[in-house]
Amino acid sequence: MKPRRVGMARGYEEMDGANVPRPPGSTASVGGAANGADTLSGGASSPQSPVSPPVGSMLAGAAPEFELASVSVVPDDTYTVTQAVNALGFGWFQVKLSLCVGLCWMADSMEMTILSVLGPALHCDWGISRYQQALVTTVVFLGMMLSSTFWGHLSDRYGRKPALTLCGVLLFLYGLLSSVAPSFGWLLLLRGLVGFAIGCVPQSVTLYAEFLPTKQRAKCVVLLDCFWALGACFEVALALAVTPTLGWRWLLGLSAAPLFIFAIITPWLPESARYHVTSGQNDKALNTLEQIAKDNRRPMLLGRLVVEGPSGSRGSLKALLGSSLRRTTLLLWFIWMSCAFCYYGLVLMSTELFGGKNKTIVDGALTDDGITIDCQPLATTDYMDLLWTTLAEFPGIFATIYVIEKFGRKKTMALQFLFYAGCVLMITVTEVRVFLTIILFMARGVIAGLFQAAYVYTPEVYPTALRSVGVGGCSALARLGAMATPYIAQVLFQSSIWSAVTVYGIFAACASVACMLLPYETRGADLAH
C-alpha cells in the first residue's frame, strides 16, 4: 500500500490512476497498479482508463471495490482553503461561528458603551473632575492602540484561537477587577488593561472571515455590526436596571458576564484552516474542513490541499504613502479619525445632554481644586432616551448598505457626514426633549452607517498586498480620534455647548469634503490586486 499523500481525503487510497476506496484487508494492487507507471509522481498524466478488478480479488462478504470510472476526481487535483470554503458553502458551521464571534463583538460594544455611563457616575461618587472623566475613556482607547501589534504577532505565531482564548480570559478578569477598584488610579490602570485586551477583538473578525464563502462575506459583516448595536442596547438596558439602585460597581461586574461566557466557549472555536496550512499543519487543516463538510452536510472535496500560493512580502507604511496611494491613504486616515471622533463624541454628548437636566449639588463634596461638585445622575427617562438613540444604529446600518450600492461609496459617506453635521448643530436650537431625542436618533443612525461604509470602502480601494496594513492604519487613526473626543464631549461641552457642537460640525464638514476628494469610486469594481 502506498502511503496516503498529505492532503488527500481520508478513506481513499492513492493509487496509480485514481483514488479508489478499498475494503479492509484487501491488497493495494489493483489492475494496472503493477505496470510500473506511477502517474501521481509523474506530474500531470492523464487519467487511467477504467480497470475491472481481477477475478478472486474480492473477499467473501466484503464490499466490492469501485471501478476507477466511478471516481470523478483526477489524481492531480488540488484545492486551496478558499476553494474548499466556497465549495462547502454557508451552513450550520458558519451559524455557530457567527454566534461565537457575535458574542465577542457584543462584549466589546458593551465595554465601549459603558464609558458613557461610568464617567458621570464616578463624578457623583468620587468627585472626579471633567478631565478625569475624559481620561477614563481615553485610557481604554490608548490600551487598544498599543496592543494591536502585540495581538497581531501573537495570532500569527500561535494561531487565532489561543489569542482569542487569552483575550476572553483577560477581558473578563480585568472587567471584574474594575468593579472592585479601590481608587481612581487603580480604576484607570484596570480600564487601560481592558483596552489592551480589547485590542485582540479584530482577530475574531479575521477568523470569522476566513471561514466565510465569498458570496456571503458582505452580508455577514453587516451581521457583526448588528451584534455591535445589540451589545450597545443591552448595556444601556443593563445600566437602566442596575445603576440607579446598585451603583456603577455592579454595572461593571455584570457587564463582564458576556466576557465570561465568551471565555468559556473559546476552547470550542475552530482554529483557522489557513493558519494551519501556512504553518505546515495540513492534517489539522483537513480536520477543520471535514468538520465544515459534516456540519454543512456537504461532501468533502477530494484531492490535495495546498497553500494558496506565494503570499509575497507584507505591505508597509512606506508603500501606503507611495505616489500612487498617498492621496487615498491620507484622506482615509482623516475620514476614519473623523468617524470615530464623531461617533464616540455623540455617544458621550448624549449622556451629558440627558443628564444635564438633573444637575444637583453634592453637599460638602469638593474636587481636588476646591470646586463644588455638580452631580448629574441619570434618571429612568434618561436611560430610556439613551436606549432609543442607540436603537438607531440598526436602521442606519441597513440603510447604508442599500444606499452605497445605489449611489456609490464616496457620495454616500460625504452626504452622511453633512447630515451628521446638520444634526449636531441643531442640538443648540432646541431644548424640547422629544425633538432632542429625534435629532440624536438621526445623528446616531447616520454615524453608525458611516462606519459601515468606511469598512466597506477601505478594503476595496487597497490592493491585496496592502489591504491588511491599509485597514490597520485607518483603525489606528480611528483610535486617535476616539482618544481625543472625550475632551470635547465631556470637558468643553460643560463650559460651552455651542463650542463643542461646532467642533464636531467642522470635523464632519471637512470629512465630507475629504470623501469627495477620494480618487477612486469602488462601487461595482472587483477587489484591487
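Residues numbered from 1 in each chain as written. Predicted model: local features only at pLDDT ≥ 70, side-chain atom pairs only at ≥ 80, totals over all residues. Heavy atoms only, no water.

Under an unreviewed UniProt entry, the protein has the name Major facilitator superfamily (MFS) profile domain-containing protein and belongs to Anopheles gambiae. Reading the Sequence similarities (unreviewed entry) entry of the UniProt record for the protein gives the comment "Belongs to the major facilitator superfamily." Checking UniProt for the protein, the heading Subcellular location (unreviewed entry) contains the comment "Membrane". (UniProt positions renumbered as here; feature names shortened; annotations may be inferred.)

**Student:** What is the right way to look at the overall build of the protein in this model?
**Tutor:** Helix and strand content of the protein: 20 helices and six strands. Considering only residue pairs separated by 6 or more positions, the protein has 78% of its internal contacts joining residues 24 or more positions apart. Carbon and sulfur atoms make up 66% of the accessible area of the protein, which totals about 23,700 Å². (Helix = DSSP H or I, 4+ residues; strand = E, 2+ residues; numbered from the N terminus. Contact = heavy atoms within 4.5 Å. Areas by Shrake-Rupley, 256 points an atom, 1.4 Å probe, with all protein chains shown as cover.)

**Student:** Is there a simple way to think about the packing of helix α2 (residues 92–125) against helix α9 (residues 257–265) in this case?
**Tutor:** Packed helices, taken two at a time, are described by the angle between their axes plus the distance between the axes. Taken N-terminus to C-terminus, the directions of α2 and α9 make an angle of 150°; their axes are 9 Å apart at the nearest point. As the angle between them shows, α2 and α9 are arranged roughly antiparallel. Pair α2 / α9 crosses with left-handed handedness. Across the interface between the two elements, Cys-100, Leu-103, Cys-104, Ala-107, Met-110 and Glu-111 from α2 touch Pro-258, Leu-259, Ile-261, Phe-262 and Ile-265 from α9. In terms of residue class, the contact of α2 with α9 is built from 10 nonpolar, no polar and one charged. (Axes fitted to C-alpha atoms, helices over the stretch in contact; angles between N-to-C directions. Parallel < 35°, antiparallel > 145°, perpendicular 65-115°, else oblique. Left-handed = near helix turned anticlockwise from the far one by under 90°. Nonpolar A, V, L, I, M, F, W, Y, C, P; charged D, E, K, R; others polar.)

**Student:** What's the story with the state of the cysteines in this structure? I'm lost.
**Tutor:** Disulfide: a covalent bond connecting the sulfur atoms of a pair of cysteines. Counted under the stated rule, the structure contains zero disulfides. Here Cys-100 stays free of any disulfide, with the sulfur of Cys-104 as its closest cysteine sulfur at 10.0 Å. (Disulfide = S-S within 2.5 Å.)

**Student:** What should I look at first to understand helix α6 (residues 201–209) in this one?
**Tutor:** Among all positions of α6, only Val-201, Gln-203, Ser-204, Leu-207 and Tyr-208 are buried. When α6 is viewed along its axis, its buried side chains cluster within an angular range of 145° and face the same direction. (Buried < 20%, exposed > 50% of the residue type's maximum accessible area, 1.4 Å probe, protein only. Arc of directions from axis to C-beta.)

**Student:** Looking at this model, I keep getting lost on the side chain of Asp-385. Mind explaining?
**Tutor:** As for its placement among the helices and strands, Asp-385 is situated in helix α14 (residues 380–391). Here Asp-385 falls in the buried class, since its relative accessible area comes to 14%. Every residue in contact with Asp-385, bar those within four places of it in the chain, is listed here: Phe-354, Arg-433 and Thr-437.

**Student:** Can you help me understand the UniProt feature "transmembrane region" (unreviewed entry) in the protein in this one?
**Tutor:** UniProt records the feature "transmembrane region" (unreviewed entry) at residues 131–151, 163–182, 221–242, 248–269, 330–349, 386–404, 413–429 and 501–520, using the numbering of this structure. Note that residues 131–151 is 100% helix and 0% strand, and that its end C-alpha atoms are spaced 30 Å apart. Within the segment residues 163–182, helix and strand shares are 80% and 0% respectively, and the terminal C-alpha atoms sit 30 Å apart.

**Student:** Would you mind showing me how to read helix α20 (residues 497–517) here?
**Tutor:** A turn of α-helix holds 3.6 residues, and therefore any two residues three or four places apart point the same way. The terminal C-alpha atoms of α20 lie 31 Å apart, and with 21 residues this matches the ideal 30 Å at 1.5 Å per residue to within 8%. Taken as a whole, α20 has its buried residues at Ala-500, Val-501, Tyr-504, Gly-505, Ala-508, Ala-511, Ser-512, Ala-514 and Cys-515. (Expected span 1.5 Å × (residues − 1).)

**Student:** What exactly am I supposed to notice about the pattern of salt bridges here?
**Tutor:** One side chain can pair with another of opposite charge once the charged atoms of both are near each other. Inspection of every chain in the model, using the stated rule, returns six salt bridges. As a salt-bridge pair, Arg-433 and Asp-385 come within 2.6 Å of each other at their nearest N and O atoms. Here the residue Arg-433 occupies a position in helix α17 (residues 433–461), and Asp-385 occupies one in helix α14, the gap between them amounting to 48 residues. One network of salt bridges, with partners in common, ties together Asp-382, Asp-385 and Arg-433. (Salt bridge = Lys/Arg side-chain N within 4 Å of Asp/Glu carboxyl O.)

**Student:** What is the right way to look at the environment of Thr-412 in this model?
**Tutor:** Among the secondary structure elements, Thr-412 is positioned in helix α16 (residues 409–426). Put simply, Thr-412 and Ala-453 are 41 residues apart on the chain and 7.8 Å apart in space, counted from C-alpha to C-alpha. Those residues in contact with Thr-412, other than ones at most four positions away along the chain, are Thr-400, Val-403, Ile-404 and Phe-407.

**Student:** Is there a simple way to think about the nonpolar core in this case?
**Tutor:** Buried together is how nonpolar side chains tend to be arranged in soluble globular proteins. Grouped together as the largest cluster of nonpolar side chains are 139 residues, with contacts concentrated most on Leu-332, Tyr-420 and Tyr-504. When we break this core down by domain, the ones giving at least three residues each are domain 1 (75–309) and domain 2 (317–358 + 374–528). (Core = buried A, V, L, I, M, F, W, Y, C linked by side-chain atoms within 4.5 Å. Domains from an automatic or database assignment.)

**Student:** Any chance you could explain unusual backbone geometry here in plain terms?
**Tutor:** Note on backbone geometry: most residues besides glycine have negative phi, and most peptide bonds are trans. Non-glycine residue Arg-297 carries a positive phi angle of around 55°. Mapped onto the elements, Arg-297 comes out in the loop between α11 (282–296) and β4 (304–305). The exposure class of Arg-297 is exposed, given its relative accessible area of 77%.

**Student:** Is there a simple way to explain the packing of aromatic side chains in this structure?
**Tutor:** For any pair of aromatic rings, the description rests on two quantities: the centre-to-centre distance and the angle between the ring planes. Going through the model one piece at a time under the given rule, you end up with 17 aromatic pairs. Three or more aromatic residues link up through ring pairs in this structure, and these residues are Phe-141, Trp-336, Tyr-343, Tyr-344, Phe-451 and Tyr-455. (Phe/Tyr/Trp six-rings, centres within 6.5 Å; stacked < 30°, edge-to-face > 60°.)

**Student:** Before we go on, may I ask you to explain a nonpolar patch on the surface in this structure?
**Tutor:** A cluster of nonpolar side chains, namely Met-384, Trp-388, Leu-391, Phe-419, Val-432, Val-434, Phe-435, Ile-438, Phe-441 and Met-442, defines an oily patch on the protein surface of about 900 Å² accessible area. Mapped onto the nonpolar patch, the elements with two or more residues apiece are α14 and α17. Top contributing element to the nonpolar patch by residue count: α17, with five residues. Position of Val-432 among the secondary structure elements: in the loop between α16 and α17. Using a relative accessible area of 43% as the deciding quantity, one classes Val-432 as partly exposed. (Patch = residues over 30% accessible without salt bridge, like charges linked within 9 Å, V, L, I, M, F, W, Y side chains within 5 Å.)

**Student:** Before we go on, may I ask you to explain the side chain of Thr-329 in this structure?
**Tutor:** Take Thr-329: it is sitting in helix α13 (residues 326–355). Setting aside residues up to four positions removed in sequence, Thr-329 forms contacts with Leu-320, Leu-321 and Tyr-462.

**Student:** Even after reading the chapter, I still don't get the packing of α2 against α6, so can you show me in this structure?
**Tutor:** Put simply, α2 and α6 touch, their axes get as near as 10 Å, and they point 165° apart. Here α2 is positioned roughly antiparallel relative to α6, judged by the angle of their axes. Here the hand of the crossing between α2 and α6 comes out left-handed. On α6, the residues touching Gln-94, Leu-97, Ser-98, Val-101, Cys-104, Trp-105 and Asp-108 of α2 are Val-201, Ser-204, Val-205, Leu-207 and Tyr-208.

**Student:** Can you help me understand the environment of Leu-88 in this one?
**Tutor:** Mapping Leu-88 onto the fold places it in helix α1 (residues 81–88). As a C-alpha pair, Leu-88 and Arg-297 span 209 residues in sequence and 8.5 Å in three-dimensional space. Discounting chain neighbours no more than four positions away, the residues touching Leu-88 are Leu-289, Ile-292, Ala-293, Asn-296, Arg-298, Pro-299 and Leu-301.

**Student:** Would you take a moment to explain the confidence of the model for the protein for this structure?
**Tutor:** Low pLDDT marks stretches whose predicted atomic positions should not be read closely. Scored by pLDDT, the protein has a mean of 77; 78% of the residues are at 70 or more. Counting contacts from residues 1–75, a segment whose pLDDT is below 50, to residues more than four positions away or on other chains yields 97 contacts. In this model residues 358–372 is a low-confidence stretch, pLDDT under 50, and it forms 29 contacts with partners more than four residues away in sequence or in other chains. (pLDDT = per-residue confidence, 0-100.)

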